[in-house]
Structure formats: structure tokens, C-alpha cells
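# Notes for the structure review
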Amino acid sequence: MSLHRTALKALALAFLGAAAFLTTLTSAQQPSPQMSFFITSAGSGRGANLGGLQGADAHCAMLAKQAGAAGNRTWRAYLSTQAGNARDRIGKGPWYNAKGVMIAKDVDDLHSDKNNLTKETQLTEKGTIVNGRGDNPNMHDILTGSGLDGRAPTGGGDTSCNNFTSDTTGSAMVGHHDRGGGGTNPSSWNSAHASKGCSQDNLVATGGNGFFYCFAAN
């Protein structure tokens, strides 16, 4: 009888320990209540065809919800198209990553050399670091369609894969979230170079995976 009670006690303790571990793990995976910025942990799967701005915004909202983001947030994709500029879509700031670290205090700070955008701070909605240059595979190309100032480039040509509705012809401006690599502006987080094309294969070949930035506009 004593052995039976001992076994039951050991089983109960093991169960409580496992429950405590799972609670801690779940808590650790929850994003900070302040989270208002992330890199998507997954793209559309159709290259730069994000379903336009509406589809991209919905993708941001879906990923935030799946991650357990708290608060009534209006999520916007940081994308410039012929219809408007990325910097005008994302609110006034400040913005924080999934760990509660501030990455920029306002729009001007975000587009200055004073921002806190690095490979280590530009996290996904899950709080994970995205592969950069030197990792396998490299996925540092982030779709933006933007110039350095967060506005649609005015030099002519397609810089947004037909307003992010094409996964065939065209090209899109991308940034380097790890702030390094090649291109015209290799250290730029939002305007490093143009993609090789708009298909998923083209984005991967250039050094990306169809990811993009999401900001809470409120």
C-alpha cells in the first residue's frame, strides 16, 4: 500500500512539473503586449504576390493573432506601391518588437541612422531571428517596394511587382534586415536593391523568402 501511495505521489509530482514547464514555455512564447513591429515568419507562398496591400495587411493581422498578440491592433504591411508610400501606412510610432524592445520612436527615427534596426532586433511575430547573410539559407531580403525614405521610388520601372499582385513578371525593392550584403545600399533595411523577379524562386535566388515588415498603425 505504501509503495502504491509513493508511486502515485511521484506520478503527481511529475505531472505538476510537466504542467509547470508547459506553462512557462507557453508564457515565454507569447509576444510582448507592446509588440507593434515584426518581420513575417512566413510569406504568401506566391512570391511577391501578396494579394496587394489588402492581402498583405490581412497576412500581418493573421500572423499577429496566431502568435497571441494582445490588444486591438490595426496591422499594416510596410509596402510602397503606385497607390501610396510605406511610411504613410504605419502610424506614428513608437514601435516595439516581440521582446518589447523599441526599434524606432517615430517615422523620422525609423528612416534615420538612429533607429534600432538590426538582425537581432528585427524579430518575427514569434520572437525569432530571421536568417541573414552567412546563414543557410540566407533570407535577408525583405519586400518593401520602397526607397530609403520609405516612399515609392520615382525613377520609373516596376519596384513593387505590380503593386504586390504579381508572382511572374516585374521586380520589387527589398531591404536587408541584417544590414549587410550586396546591392546599391547593402546596409539599408528597406531599400538595398531590386529583386531578381517576383516569383518565389526568384526571391529565394536573390536572397529572400517573400517576407515583409508589419507595423501596428495604432
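If you're wondering where the values come from, they're calculated on a predicted model, not measured in any experiment.

## Notes on the pattern of salt bridges
According to the stated counting rule, one finds four salt bridges in the structure shown. Salt-bridge contacts for Asp-108 lead to Arg-87; the nearest nitrogen and oxygen are separated by 3.3 Å. Residue Asp-108 is found in helix α3 (residues 107-110), and its partner Arg-87 is found in the loop between β2 (75-77) and β3 (95-96); the two are separated by 21 residues along the sequence. As a salt-bridge pair, Asp-149 and Arg-151 come within 3.3 Å of each other at their nearest N and O atoms. With relative accessibility at 34%, the residue Asp-149 sits in the partly exposed group. Exposure remark for Arg-151: the relative accessible area of 35% places this residue in the partly exposed category.

## Comments concerning the state of the cysteines
Under the defined criterion, the tally for this structure stands at two disulfides. Each sulfur in the disulfide pair Cys-161 and Cys-198 lies 2.0 Å from the other. Looking down the S-S bond of the Cys-161 and Cys-198 bridge, the torsion is -95°, so its handedness is left-handed. One end of the pair, Cys-161, is in helix α4 (residues 161-164); the other, Cys-198, is in the loop between β7 (193-194) and α5 (200-206), and 37 residues separate them in sequence.

## What about the packing of aromatic side chains?
Applying the stated rule across the entire model yields eight aromatic pairs. Ring centres of Tyr-78 and Phe-215 lie 5.7 Å apart, and the angle between their planes is 45°; on these two criteria the pair is classed as tilted. Of this pair, Tyr-78 sits in the loop between β2 and β3 while Phe-215 sits in strand β8 (residues 208-216), placing them 137 residues apart in sequence.

Parameters at a glance
Residues numbered from 1 in each chain as written. Predicted model: local features only at pLDDT ≥ 70, side-chain atom pairs only at ≥ 80, totals over all residues. Heavy atoms only, no water. Salt bridge = Lys/Arg side-chain N within 4 Å of Asp/Glu carboxyl O. Helix = DSSP H or I, 4+ residues; strand = E, 2+ residues; numbered from the N terminus. Buried < 20%, exposed > 50% of the residue type's maximum accessible area, 1.4 Å probe, protein only. Disulfide = S-S within 2.5 Å. Phe/Tyr/Trp six-rings, centres within 6.5 Å; stacked < 30°, edge-to-face > 60°.

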